[in-house]
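Chain by chain, the residues run as shown.
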Amino acid sequence: MRTAEIRKRWLDYFADRDHTVVPSASLVSPDPSTLFTIAGMVPFIPYMTGQQTPPWDRATSVQKCVRTLDIDEVGKTTRHGTFFQMNGNFSFGDYFKEGAITYAWDLITRSQAEGGYGFDPESIWVTVYHEDDEARQLWKRIAGLPDERIQNRGKKDNYWSTGQPGPAGPCSEIYVDRGPQYGAEGGPVVDEDRYLEIWNLVFMQYAIDDVRSKEEFRVVSELARKNIDTGMGLERVAYLLQGKDNLYEIDEVFPVIAAAQELSGRTYGADHGDDVRLRVVADHVRSALMIISDGVRPSNEGRGYVLRRLLRRSVRAMRLLGVEDAALPALLPVSRDAMAPSYPEVAADFERISAVAYAEEDAFRRTLTAGTTILDTAVSRAKASAGTGGTPLLGGDQAFALHDTYGFPIDLTLEMAAEQGVQVDEKAFRSLMAEQRQRARADALAKRSGGVDTAAYTSLASELSAPVEFLGYTETSAAVTVAGLLVDGVPAPAATAPADVEVVLDRTPFYAEAGGQLADHGTIVLDGGATIEVDDVQRPVKGLSVHRGRLVEGTAALGDPGTATIDTERRKAISRAHSATHMIHKAVQEALGKDATQAGSENAPSRIRFDFRQSSAVPAGALSEIEERVNTRLQDNLEVTDRLMPIAEARAQGAMALFGEKYGDVVRVVSIGGDWSRELCAGTHVQQTGQLGLVTLLGESSIGSGVRRVDALVGEGAYGFQAKEHALVGQLTGLLNVRTEELPDRVGSLVTRLRDAEKELAQLRQAQLLAVAGSLAAGAERVGDVRVVAHDAGEVASPDDLRALALDVRGRLGESEAAVVAVGGVAKGRPQVVVVTNATARAAGLRAGALAKVAAQTLGGGGGGKDDMAQGGGTDVAALPAALQGVRDGAAAGAA
């Protein structure tokens, strides 16, 4: 019975018995304390605990779940998986133990022809809480189970609670005996491999408090409304009904193993190590498919990091199976087709899902290529340092360098080092990571505080009667009073020009840098004649705006009144940029989808930098569409409004929040064109979009894994750019003597001719290089039973030339005798050596990868590759002859 059919039968059975079918909730948990939905009952917890009134008396669902605590055990056992599905039926004050047991027994033993699962009643065992005599008697009466197949267990195994005061109750678990070939007799209390749990019935019966642990609490009373919560593992039932030994071999998972076998040439069941890797691939590819489907993207924190780790472990496992090329384009569609019968959305949304997954694989393959060589070298040194009998230890500083320089995650370093019997000083690594985070926080704080000890600002803030009032939404100039003054970071009662000062005002029209918007500039003129030119405003601590600038005239003192005035032209230019950023954000989402959310921005005078989440490059033509959409909307002269409201109301209205920002209970919502664009924002904006004038997108590019950047100009900046572009086009049309509309074709023709000429030159250069292949083969040196060619080709265009020559020479030497060919050269100032071996040499134990590493070490770099062809390089050009000699000596030693 296929998994989708098992799922359908479950929902149909309970729907026919007056249960409301509740769709699966998202894998993204609504509980901020957990990353993913980890159990089928999670969406129903508010009803179970009495926090909310359930909208139905009975419900049923098949809930998507992800658990990652045992991720390192995936593939090693029959039951560990990350993504799984939990069938559940729920009663909220309706039926209780008798009903739950009746339904469970009927469904699992009802014949398949009648819509059940058809388990043999003689194979069923159950456990009950040792004090729950009622459940024991019900099993005997309803199912006719004998006493020996109803086993007692304590609180640890058969009692459920949230771990907090509230509802709780005993459980009854249902097991299937798989037979003596799977373990010892005696029921679940003896062997839970032979007796496999498929269904847990939770009887939520009591209120508890004084909870000290899972087994230590006080039962207060019985609940007035008793609830039923059950969970059946869909994958476990599937592998039992499909006659398989584990969840990796069911119809929703095994097709990926089959595809991985085809890619790798490995056979499932032939080697334990390969089997584990194939299972890891199958599980992780399916899990990644489902997690991305629910909107998660790879990142370096939270659930995004879990997704990143799953994808990277898949790629790594395929590498260990011998697949060097990208594997996900072959594997992910297979998982899609296996899961689509139950979850059609994975097929409908596959273009987006696959783009996210493939981009992560491409990025990690580059990381893996760079980092593996460095790690292998570090591991070799650790082994050498340990000596005979010692435990090799990779230093925390080396692990940190791999992470910081090459993006090599620590869990991968731990895994790969362990495979070679090397431990990692993880404590030292964590210490270095903590130091780096501290430096990053200090750098960010220094930007806000100007490098001054924040204690001075904290003291100033505590002395104020209220937080500094911001007037800048409506005022560009205001009467103010000096409430704080710092000179060289030290509080001072007064300062005399000339001096660099920091001024705190009781109220201010100046916008302090925040949310991507740059700070206002302007002047503070005190009534006594002192003038301060302000060129930065920061918020080093909450509630405090600090104006930084130069006291150019007079003396400023605490308590002095005066007038603060911002540079209105700068403010207008920045406000245009900020409003344009909101419009670009909206247009990007319209063009690329809701997942293209803002990841950062900078709003400067007439200039915009907008970062957003997108796993691949923006499709050709989309940037022009985005630009056209923004300019069309600003020509509509949409109204820009702002309103304070509770954050819950803002979210209900669909207001977008800036990634990484923290918001209070009451937020400011900026809307453009009513509900066209609506975002949480504390920045300043124009009143009508027509005030922007023009928006020009300059281009987009990647700035990191899964993040793209758009640079744009607005207002005067956009007009100035277009004027320069027009002048440039005029110059080009004059040089090429064509009309404007003919310019693209003429430039394209010239580029094509240039490329053709470059190809012809490359072919001539390679032909000249290969002309010596015959003489090199004829002059091969015989070292024992091996013929060796070690040739310095001098300056070459790229390592491709070296590879072509090495392969040509190897082909001329044939297979009758073992042959090793090493060709070195200098490409773009860096020495490179390519080593190739023929089949006869490999049979004799000569490996190109090992010989290339020898050359690379001599050149002061790294290298490696396959047994038949490998490459090494470094920085020491003068060492190239010695590197080639090292390959010759290595071949000689191997031949001996």
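Everything that follows concerns the structure shown earlier in this document.
Let us look at the structure shown here. Fair warning: this is a prediction, and the values are worked out from it, not measured in the lab. (Residues numbered from 1 in each chain as written. Predicted model: local features only at pLDDT ≥ 70, side-chain atom pairs only at ≥ 80, totals over all residues. Heavy atoms only, no water.)

A closer look at the overall build of the chain
Helix and strand content of the chain: 26 helices and 35 strands. Its C-alpha atoms give the chain principal-axis dimensions of about 95 × 90 × 60 Å. Each of the 896 residues in the chain was classed as buried or not, and the buried ones make up 48%. Here the analysis covers contacts within the chain between residues at least 6 apart in sequence; of these, 67% occur between residues at least 24 apart. Summed over its atoms, the accessible surface of the chain is roughly 40,200 Å², and 49% of this surface lies on carbon and sulfur atoms. (Helix = DSSP H or I, 4+ residues; strand = E, 2+ residues; numbered from the N terminus. Buried < 20%, exposed > 50% of the residue type's maximum accessible area, 1.4 Å probe, protein only. Contact = heavy atoms within 4.5 Å. Areas by Shrake-Rupley, 256 points an atom, 1.4 Å probe, with all protein chains shown as cover.)

As for the nonpolar core
One finds I108, F119, W139, I174, I198 and W199 to be the most contacted residues of the largest nonpolar core, which totals 88 residues. The dominant element in this core, judged by the number of residues it contributes, is helix α8 (residues 272–293), at eleven residues. Excluding residues within four positions of it along the chain, I174 makes contact with A104, I108, I124, W125, V126, W139, L196, E197, I198, W199 and L201. If you look at the next biggest cluster of nonpolar residues, it comprises 28 residues, including A577, V618, V630 and L638. (Core = buried A, V, L, I, M, F, W, Y, C linked by side-chain atoms within 4.5 Å.)

Structural notes on helix α14 (residues 410–419)
Among all positions of α14, only I410, D411, L412, T413, M416 and A417 are buried. One or two residues past the end of α14 sits G421, with phi positive at roughly 75°.

Here's the deal with the sheet that holds strand β26 (residues 666–672)
An order of β25-β26-β27 is seen for the three strands of this open sheet, with the pairing classed as antiparallel. Each end of this open sheet is capped by a strand with a single partner; those strands are β25 (640–646) and β27 (677–680). Neighbour-to-neighbour, the strand axes of the sheet open up by a mean angle of 25°, direction not taken into account. Direction of pairing for β25 relative to β26: antiparallel, over a ladder of seven bridges. In the strand pairing of β26, M645 is matched with V667. (Pairing = 2+ DSSP bridges. Axes fitted to C-alpha atoms, helices over the stretch in contact; angles between N-to-C directions.)

A few points about the pattern of salt bridges
Counted under the stated rule, the structure contains 52 salt bridges. Among the ionic pairs, E222 bridges to K226, the shortest N-O distance being 3.0 Å. We classify E222 as partly exposed; its relative accessible area is 46%. For D611, the salt bridge identified is with R609, shortest N-O distance 3.8 Å. For R609, a relative accessible area of 22% translates into the label partly exposed. Connected through shared salt-bridge partners, E602, R607, R609, D611 and R709 make up one network. (Salt bridge = Lys/Arg side-chain N within 4 Å of Asp/Glu carboxyl O.)

Some remarks on the sheet that holds strand β33 (residues 830–837)
Ordered by their spatial adjacency, six strands build an open sheet running β30-β31-β32-β33-β35-β34, and the pairing between neighbours is mixed. Because the sheet does not close on itself, it has two edges, and the strands there are β30 (781–783) and β34 (862–865). With direction set aside, neighbouring strand axes in the sheet form an average angle of 20°. Here β34 runs beside strand β35 (residues 869–873); their pairing, made up of four bridges, is antiparallel. The residue of β35 that forms the bridge with G863 is G872. Docked against the sheet, helix α23 (residues 799–813) engages β31 (786–796), β32 (818–827), β33 and β35, running at close to 160° with respect to β32.

So, the packing of helix α1 (residues 3–15) against helix α3 (residues 97–109)
Put simply, α1 and α3 touch, their axes get as near as 12 Å, and they point 135° apart. Our classification of the angle between α1 and α3 gives oblique. Where α1 crosses over α3, the two elements pack in a sense that is right-handed. Facing α1, whose interface residues are W10, Y13 and F14, α3 presents Y103, D106 and L107. Across the contact of α1 with α3, the residue classes tally to five nonpolar, no polar and one charged. (Parallel < 35°, antiparallel > 145°, perpendicular 65-115°, else oblique. Left-handed = near helix turned anticlockwise from the far one by under 90°. Nonpolar A, V, L, I, M, F, W, Y, C, P; charged D, E, K, R; others polar.)

Details of the side chain of S314
Within the secondary structure layout, S314 lies in helix α9 (residues 302–320). At 2.9 Å, the side chain of S314 and the backbone oxygen of L310 are in polar contact. (Polar contact = N/O pair within 3.5 Å; in protein donor to acceptor, adjacent residues only side chain to side chain.)

Describing the side chain of T3
Relative to the helices and strands, T3 is located in helix α1. Look at T3 and you get buried, because its relative accessible area is 0%. Excluding residues within four positions of it along the chain, T3 makes contact with L234, A238, Q242, I250, D251 and E252.

Some remarks on unusual backbone geometry
With an omega dihedral of -5°, the bond running from A497 to P498 counts as a cis peptide bond. In this fold, P498 is placed in the loop between β15 (494–496) and β16 (499–505). A positive phi angle is found at N737, which is not glycine, with a value near 60°. With respect to the secondary-structure elements, N737 resides in the loop between α20 (716–736) and α21 (743–770).

Quick look at the packing of aromatic side chains
Tallied over the entire structure, the rule returns 22 aromatic pairs. With 5.9 Å between their ring centres and 80° between their planes, F14 and Y103 make a pair best called edge-to-face. Taken together, the positions of F14 in helix α1 and Y103 in helix α3 put the pair 89 residues apart, joining distant regions of the chain. Since its relative accessible area comes to 0%, F14 is described here as buried. Classification of Y103 as buried rests on a relative accessible area of 14%. One aromatic cluster is present, formed by W10, Y13, F14, Y95, Y103 and W199 through successive ring pairs. The ring of F350 is capped by R336, whose NZ or CZ atom sits 4.4 Å from the centre of that ring. (Phe/Tyr/Trp six-rings, centres within 6.5 Å; stacked < 30°, edge-to-face > 60°. Lys NZ or Arg CZ within 6 Å of the ring centre and 35° of its normal.)

Things to note about the environment of A599
With respect to the helices, strands and loops of the structure, A599 is situated in strand β23 (residues 598–604). A sequence separation of 14 residues divides A599 from R613, and the C-alpha atoms of the two residues are 6.3 Å apart.

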